[in-house]
Amino acid sequence: WWRQGALLRDAAMSSGVPIDPACFTTYNELQAHHKLRWVVFGIEDNCIKTIAFADTAKKGREAWADFTSEANCPDGTCRYGVFDLDIAIDDGVHERSNSKIVFLNWADDNAKIKVKMVHASSKDAFRKGLTGVAVDYQAADRDELKYNSMLEMKAAELKIPKASLEKMLTN
């Protein structure tokens, strides 16, 4: 808790935007307890807050589509998000499952400059409080928000074997 308290102060000092402590509680439900598939955060009332989240009922492409929908990542806005990505790794001999957390930084090209500046200056302090994130993914338009775009851009960082990636892209 002391680390998150320091992060709250750091965020306020770097951009003037504090972080609602409930953000870390919600993130913990995803990261440690695997009760959530994704969480979307945004700046509201000059504070980073939890905007939306979903349980683990949906997976893969279907869950990513909900996560990055217009309702959760509206055009003309900026959002942060975390997504618990299930990865089926098939090395030809064994098939096993793994999950990796993807941090999404959605900063729509059409967002107002001031909104993007506050969002960008608050990102690092917020991101530091989210332990266990495997990769960061930046998206600035709807094409970049697509599931295949994210997988193709981050496959190497996520250590997804080519055969497994091909299956994920077609399912």
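Scroll up to find the structure.
Read on for a plain summary of the structure. (Residues numbered from 1 in each chain as written. Predicted model: local features only at pLDDT ≥ 70, side-chain atom pairs only at ≥ 80, totals over all residues. Heavy atoms only, no water.)

1. Re the pairing of strand E2 (residues 47–55)
Move 1: Sheet analysis places strand E1 (residues 36–44) next to E2, joined by eight bridges and oriented antiparallel. Each bridged residue has a counterpart across the sheet, and for Phe 41 the counterpart in E2 is Thr 50.
Move 2: Hairpin remark: E1 followed by E2, antiparallel, with two residues in the connecting loop; positive phi at Asp 45, about 50°. (Pairing = 2+ DSSP bridges. Helix = DSSP H or I, 4+ residues; strand = E, 2+ residues; numbered from the N terminus.)

2. Some remarks on helix H5 (residues 147–158)
Move 1: The terminal C-alpha atoms of H5, which comprises 12 residues, lie only 14 Å apart, well short of the 16 Å expected from a rise of 1.5 Å per residue.
Move 2: Looking at H5, one finds that the buried residues are Tyr 147, Met 150, Leu 151, Lys 154, Ala 155 and Leu 158. Down the axis of H5, the smallest arc covering the buried residues is 150°, so these residues share one side. Relative to its buried face, H5 has exposed residues pointing more than 90 degrees away, namely Glu 152, Met 153 and Ala 156. (Expected span 1.5 Å × (residues − 1). Buried < 20%, exposed > 50% of the residue type's maximum accessible area, 1.4 Å probe, protein only. Arc of directions from axis to C-beta.)

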